[in-house]
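Structural features, examined
Here is what each chain is made of, one letter per residue.
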Amino acid sequence: MTFVELLARLGGMGRFQVTYVAALAIPLLMLASHNLLQNFTAGVPEHHCRPRPLANDSVGDVPLLVSIPSDGHHRPQRCRRYVEPQWHLLEVNGTVNGTANGAATEPCRDGWTYHDGVFAHTIVTEWDLVCESKTLRQVAQSIYMAGILLGSGLFGVLSDNRFGRRALLTWCYLQLGVTGAGTAAAPSFVVYCLCRFLAGLAMAGVSLNSASLCMEWIPTEARAVVGTINGYCYTLGQFVLAAAAFGLPHWRWLQLVVSLPFFLFFLYSWYGEPRRPGGCPPPSSWVGGRGEVDVKPHLLGAKPHLFGEQTPPFGGAKPHLFGEQTPPFGGAKPHLFGPHLVVPGGFCVETLGFGDRFSTSFAYYGLAMDLQGFGVDIYLSQLVFGAVDIPAKLASVLAISCVGRRVAQGGSLALAGICILANIVVPMELRTLRMAFAVIGKGSLAASFNCAYIFSGELFPTVIRQTGMGLGGTMARVGGMVAPLVRMAADVTPVLPLIIYGAAPIVSAVATCFLPETRNVPLPETVKDVERR
C-alpha cells in the first residue's frame, strides 16, 4: 500500500491536513516582506552634491544653479558639482541666464544632499549608496539572494538526510527573527549585508520545508489547491509590505516590524511538537523495501500530529546527493544527476526545477525589484504588482487542474517573456502602457512560480524530493541573485536588461514542452516509480 492509498483510506483531506496547511501557510505571509523589502529600505531619493563651502559659510543663500551643473532635463546633476561657483549663470533678478559649458567639475567630495520625500530614511541616505557606490544597492540584494541560494541546497540535504523537516523549519523561524532584528540594528553596511545573508539562509529553509511538508501530507487531488493557497499567502504578503512601508517610512523600523512575527512562528512550531502514537514516522518514512507502506493496522485510526518528530527514512539509508550511495530499493540508486531520472526526449526531470525555476525567478525579481523605474507611485506599484497575482494564480490552478502542469508552466513563461520584450519598443513617456506590460508579465511569472512548485515536487520521488526541490530552489535563487546585477547593464545599453529578462523565460518555455505530464498521477515514492513513467 502506498502512502497515497493509505491517506485516501484514512479520509484524504481531513481536519488535520487543514490545520497543518494553515499553520505552515501563515508564515509565508512574511516571505514577500523580506524578499521585496529593498524596494523600500533601499529606495533612492532625489539627491545632488553638497555645494562647496564658501568662505563666508553662506551656502544656504547661494542658488543651487551656480554650484551644481544641470542635466539634460534641467535638473541638478546627482554626482558632479562645479569646482568654483558659476556666478555668471545668474541674471540680476536671479534667473537662469545659461549654462557653464566647459566649466570644471568634480565628484561630490563633501557628500550629498537628499530631498525629503518617500525615501528620506533608507540605507541609501544612511550610507550614501549613490554615484560611485550606487551598485552596492544591487550587491546588497544579491548577497541576500546568495544566502537563499546557499540555504536552498543546504537545508534541502540536511532535512532529507539528517535533521528532518520540522526541526529545521523551527530553527529557520528563529534564525529569521534574530537576523531580521539584527539587520534593523546594523551599525554599518557590512553588518547589514551579513545579517541579510543569514536571513536569506533561513528564508530558504522556511520556503522549502513548508512546501515539502504540505505536499507530503495532502492527497494528490488537493495538491494544486494547497499550492495555490500557499501562493496566495505570498501575494497577501505583498499587500502587507506595502501597508507597512507606507506607515513606517524609516527603514530600520520597517525592517524590525517584518521580522518580529517570526519569533511567534518559532514559538508555536516549537511548542507544538507532540509525539506520534507508537513512534509513527512521517509519510516519506513509511515506505518499505518494495516501495509500500508498512503500517500496523491499529495505527490506521491514529491521527498524525502537527510538526511531529521525524525518523530517518528507509531504515536509515541516506540518499546522498553526490558520490557513492546506499541503495534503499534493492540496489536502485536514487541519483539526482544520473540516468534513473531521465525522461522521454533525453531531458532530465531537473530541467524544470533548474531551467524553469531559474528563468522564472530571474525575470520575476528583474521586474519586482525595479518599482522606481516605472515612474509611478511606488506604493501603488507594489499594490498593483501584488494584486495581479490573485487572478494570475487562480488562472494557474485552473490551468494546472484542467489542461495539465506542462501546458500551464510553458504558457505562463512564454507570456511573461513576450510582455517583457514588448517594453523594449514602448517609449519611456508612455508610463501607463509600460506599467501594464510589466504587470501582465509579473502576473505570468507569479503563475509560473505556482506551477513550478507543484510540478517539480511531483517529478521527484519521495527519497530525494527534498534534495531535488532544494536544488531546484537553488537555481531559482541563482536567478534571483543574478537579476539585480543584470540591471546594472542598463548603464551600457538601456534595453539590454529587458532583452535578457525576456529571453530567459521564452527559452525555458520551449524546454518545458519535453517534460512528462504529472496531472492525476500519484506522487512517486521510489526511483522505480519515476522510471516507470
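How each quantity is defined
Residues numbered from 1 in each chain as written. Predicted model: local features only at pLDDT ≥ 70, side-chain atom pairs only at ≥ 80, totals over all residues. Heavy atoms only, no water. Helix = DSSP H or I, 4+ residues; strand = E, 2+ residues; numbered from the N terminus. Contact = heavy atoms within 4.5 Å. Buried < 20%, exposed > 50% of the residue type's maximum accessible area, 1.4 Å probe, protein only. Lys, Arg positive; Asp, Glu negative; His and termini not counted. Salt bridge = Lys/Arg side-chain N within 4 Å of Asp/Glu carboxyl O. Disulfide = S-S within 2.5 Å. Phe/Tyr/Trp six-rings, centres within 6.5 Å; stacked < 30°, edge-to-face > 60°. pLDDT = per-residue confidence, 0-100. Axes fitted to C-alpha atoms, helices over the stretch in contact; angles between N-to-C directions. Parallel < 35°, antiparallel > 145°, perpendicular 65-115°, else oblique. Left-handed = near helix turned anticlockwise from the far one by under 90°. Nonpolar A, V, L, I, M, F, W, Y, C, P; charged D, E, K, R; others polar. Patch = residues over 30% accessible without salt bridge, like charges linked within 9 Å, V, L, I, M, F, W, Y side chains within 5 Å. Areas by Shrake-Rupley, 256 points an atom, 1.4 Å probe, with all protein chains shown as cover. Core = buried A, V, L, I, M, F, W, Y, C linked by side-chain atoms within 4.5 Å.

1. Notes on the overall build of the chain
Counting its regular elements, the chain contains 19 helices and four strands. Within the chain, contacts between residues at least 6 apart in sequence are counted, and of these 81% link residues at least 24 apart.

2. Some thoughts on the side chain of Arg137
Looking at the element boundaries, Arg137 is found in helix α6 (residues 135-161). Summary of buried charges: Arg137 has no salt-bridge partner, and the nearest side chain of opposite charge, Asp370, is 6.7 Å away. Leaving out residues up to four positions away in the same chain, Arg137 has contacts with Gln38, Ala42, Val44, Val124, Leu129 and Gln372.

3. What about the state of the cysteines?
Here, disulfide denotes a covalent bond that connects the sulfur atoms of two cysteines. Overall, the coordinates contain two disulfides when judged by the stated rule. Two residues, Cys49 and Cys108, share a disulfide whose sulfurs are 1.6 Å apart. Across the disulfide from Cys49 to Cys108, rotation about the S-S bond amounts to roughly -55 degrees, and the bridge is consequently left-handed. With Cys49 in strand β1 (residues 47-49) and Cys108 in the loop between β3 (105-106) and β4 (112-114), this residue pair connects regions lying 59 residues apart in the sequence.

4. Remarks on the packing of aromatic side chains
One pass over the full model with this rule turns up 15 aromatic pairs. Taking 6.1 Å as the distance between ring centres and 70 degrees as the angle between the ring planes, the aromatic pair formed by Phe265 and Tyr268 counts as edge-to-face. Of this pair, Phe265 and Tyr268 both sit in helix α11 (residues 261-271), three residues apart, roughly one helical turn. Classification of Phe265 by relative accessible area gives buried; the value is 6%. Ring centres 5.1 Å apart and planes at 55 degrees place the aromatic pair Phe362 and Tyr501 in the tilted group. With a gap of 139 residues between them, Phe362 in helix α12 (residues 350-368) and Tyr501 in helix α18 (residues 496-512) connect regions that are remote in the sequence.

5. Looking at the environment of Tyr82
As for its placement among the helices and strands, Tyr82 is situated in strand β2 (residues 81-82). Residue class for Tyr82 comes out buried when judged on its relative accessible area of 7%. Residues Tyr82 and Ala103 lie 21 residues apart in sequence; the distance between their C-alpha atoms is 7.1 Å.

6. A short note on the pattern of salt bridges
Inspection of the entire model under this criterion finds seven salt bridges. A salt bridge links Arg109 to Glu106; the shortest N-O distance between them is 3.3 Å. We classify Arg109 as exposed; its relative accessible area is 58%. For Glu106, a relative accessible area of 8% gives the class buried. The structure contains a network of salt bridges with shared partners spanning Arg81, Glu106, Arg109 and Asp110.

7. Observations regarding the side chain of Thr122
Its location among the elements puts Thr122 in the loop between β4 and α5 (123-127). For Thr122, a relative accessible area of 1% gives the class buried.

8. Focus: the confidence of the model for the chain
Looking at the chain, pLDDT values average 75 and 70% of them are 70 or higher. The spread of mean pLDDT over the elements of the chain runs between helix α19 (residues 527-531), the lowest at 63, and helix α10 (residues 251-257), the highest at 94. Scored below 50 in pLDDT, residues 92-98 shows ten contacts in the model against residues more than four places distant or in partner chains. Low confidence marks residues 273-347, where pLDDT is under 50. Its contacts with residues over four positions away, or in another chain, come to 152 contacts.

9. Overview of the environment of Leu367
Structurally, the position occupied by Leu367 is in helix α12. Residue class for Leu367 comes out buried when judged on its relative accessible area of 6%. In this structure, Leu367 is in contact with Phe374, Phe385, Ile420, Ala438, Gly441, Lys442 and Leu445, ignoring residues within four places of it in sequence.

10. Focus on the packing of helix α15 (residues 405-422) against α18
Running from N to C, α15 and α18 point in directions that differ by 160 degrees, and their axes come no closer than 8 Å. Judged on the interaxial angle alone, α18 and α15 are roughly antiparallel. The two elements α15 and α18 meet at a crossing, and its hand is left-handed. Contact residues: Arg406, Gln409, Gly410, Leu413, Ala414, Gly417, Ile418, Ile420 and Leu421 in α15; Leu498, Ile499, Tyr501, Gly502, Ala503, Pro505, Ile506, Ser508, Ala509 and Thr512 in α18. By residue class, the composition of the contact of α15 with α18 is twelve nonpolar, six polar and one charged.

11. Notes on a nonpolar patch on the surface
Together, Val495, Leu496, Ile499 and Ile500 line one region of the surface with nonpolar side chains, adding up to about 260 Å² of accessible area. Position of Val495 relative to the elements: it lies in the loop between α17 (462-487) and α18. Here Val495 falls in the partly exposed class, since its relative accessible area comes to 30%.

12. Examining the packing of helix α13 (residues 378-387) against helix α14 (residues 389-402)
Helix-helix packing: each pair is described by the crossing angle between the helix axes and the interaxial distance. One way to put it is that α13 packs onto α14 with a least axis distance of 5 Å and a crossing angle of 15 degrees. One way to sum up the angle between α13 and α14 is to call them roughly parallel. Contact with α13, carried on its side by Phe385, Gly386 and Ala387, involves Asp389, Ile390 and Pro391 of α14 and no other residues of that element. In terms of residue class, the contact of α13 with α14 is made up of four nonpolar, one polar and one charged.

13. Comments concerning the nonpolar core
By size, the foremost hydrophobic cluster in this structure holds 67 residues, and its most contacted members are Tyr365 and Phe385. For this core, the element with the highest residue contribution is helix α8 (residues 189-216), accounting for eight residues. What Tyr365 contacts, discounting residues up to four positions off in sequence, is Asn35, Leu36, Met145, Tyr234, Arg477, Gly480 and Ala483. Counting 19 residues, the second largest nonpolar core, distinct from the first, contains Cys49, Ile68, Tyr114 and Ile123.

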